[in-house]
Amino acid sequence: FLYISDTHWGSGDSGYTMQPKYDEKLPVLLVLLMEWIEENGPVDFLLHGGDVIHETEDSSIQAAAEHFDLPLPIHLCLGNHDLTAQGSVDTWMRLAPQFFVGDATDFAIDTDDCMIHVIPNQYGTTPFLWDQTQDPHFLPAQIQTLEQRLEVASDRTHLILTHSPVLDLDRQQSGLHKPFHQPPESFTTCVMDLVDKYGVTCVLGAHSHVNMKRELNGVNYITVSSFVETPFEFKLFEVTSDSVSMMTHNLLDRIDFRADYNWDNTFVQGRACDRSFH
């Protein structure tokens, strides 16, 4: 499967970025991605780690549904920018139910080789609403449902997908003297306890717009850079009955428009060790 995130459709000149952003080029980039798949596939499905759109409006969700009307299944983990209005979940289910399994925000993608558990994290006191508060956590009901799925299929290879990073960026990668996107200890502990208890193999996140791969106790914690920021990167995961691998690719050599790059932020792309594992 492919993994992308943070397409922020409709953001224009506003919003957080780590590299120059071209959200208006999303339709073109998706065409190029399909060409890449035709040359390098097959690919079973595409995971989107959240922030498909920049603000929760009917027109933005309808546009996202149109752009991601692709010849393979698309599965979405809602991000904070996907939840900027009261009743956002109902709006998503009304306008783009094809992004979810069983008309639910939390669901499992069950394949022959693994289960991927999609569990969008919360941000504030109101469930599934981002009011600018950044306090990543899960609802008790979300954890209970996740644990039930993990227990029933204890012999499977399990991956978890949420939006917020579970770990901060390695300072050897960032070159910074302070943490970068460091989550609350309570969120990190919650996820790592689940990982340890049920033998989860890999945890996927997004939100930071940076490629990260940190391995702790044999578990890989991953984030991906923004798909609409130069150099338009995505990750290919290959899972078999006894192995999991990841490789980071980009579309830069396929675009036909000018794309700038911020050479002061090369850590976004990561070192070789941050971009792949097996």
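For the structure given in this document, a descriptive report is provided here. (Residues numbered from 1 in each chain as written. Predicted model: local features only at pLDDT ≥ 70, side-chain atom pairs only at ≥ 80, totals over all residues. Heavy atoms only, no water.)

Comments concerning the layout of surface pockets
Logical step 1: As a volume, the largest pocket reaches approximately 320 Å³.
Logical step 2: Along its surface, the largest pocket is lined by 14 residues, and Phe1, Asp44, Phe237, Glu238 and Val239 are the ones closest to its centre.
Logical step 3: It is strand E10 (residues 233-239) that contributes the most residues to the lining of the largest pocket, four residues altogether.
Logical step 4: Of the residues contributing to the lining of the largest pocket, the split by class is nine nonpolar, two polar and three charged. (1 Å grid on protein atoms, 1.4 Å probe; cavity = no way out; pocket = protein on both sides within 12 Å on 5 of 7 lines; lining within 4 Å. Points joined across faces, edges and corners; volume = space filled by probe spheres on them. Helix = DSSP H or I, 4+ residues; strand = E, 2+ residues; numbered from the N terminus. Nonpolar A, V, L, I, M, F, W, Y, C, P; charged D, E, K, R; others polar.)

So, the side chain of Asp23
Logical step 1: Relative to the helices and strands, Asp23 resides in the loop between strand E1 (2-4) and helix H1 (26-40).
Logical step 2: Beyond its immediate chain neighbours, meaning those up to four positions away, Asp23 contacts Thr7, His8, Trp9, Gly10, Ser11, Gly12 and Val228. (Contact = heavy atoms within 4.5 Å.)

Brief notes about empty space enclosed by the protein
A probe as big as a water molecule, rolled over the atoms, marks out the empty space that is left.
Logical step 1: What the rule picks out here adds up to three cavities of 30 Å³ or more.
Logical step 2: Its volume calculated, the largest cavity comes out at about 50 Å³.
Logical step 3: For the largest cavity, the full set of lining residues is Pro165, Leu167, Asp168, Leu169, Phe180, His181, Ser208, Val210, Met212 and Thr223.
Logical step 4: Split by residue class, the lining of the largest cavity holds six nonpolar, three polar and one charged.
Logical step 5: Taken as a whole, the second largest cavity spans an internal volume of roughly 40 Å³.
Logical step 6: For the second largest cavity, the full set of lining residues is Thr162, Ser164, Pro165, Val166, Leu167, Val203, Leu204, Gly205, Met212, Tyr221, Ile222 and Thr223.
Logical step 7: Of all the elements in the fold, those that place two or more residues in the lining of the second largest cavity are strand E7 (202-205) and strand E9 (219-223).
Logical step 8: Of the residues in the lining of the second largest cavity, the class split is eight nonpolar, four polar and no charged.

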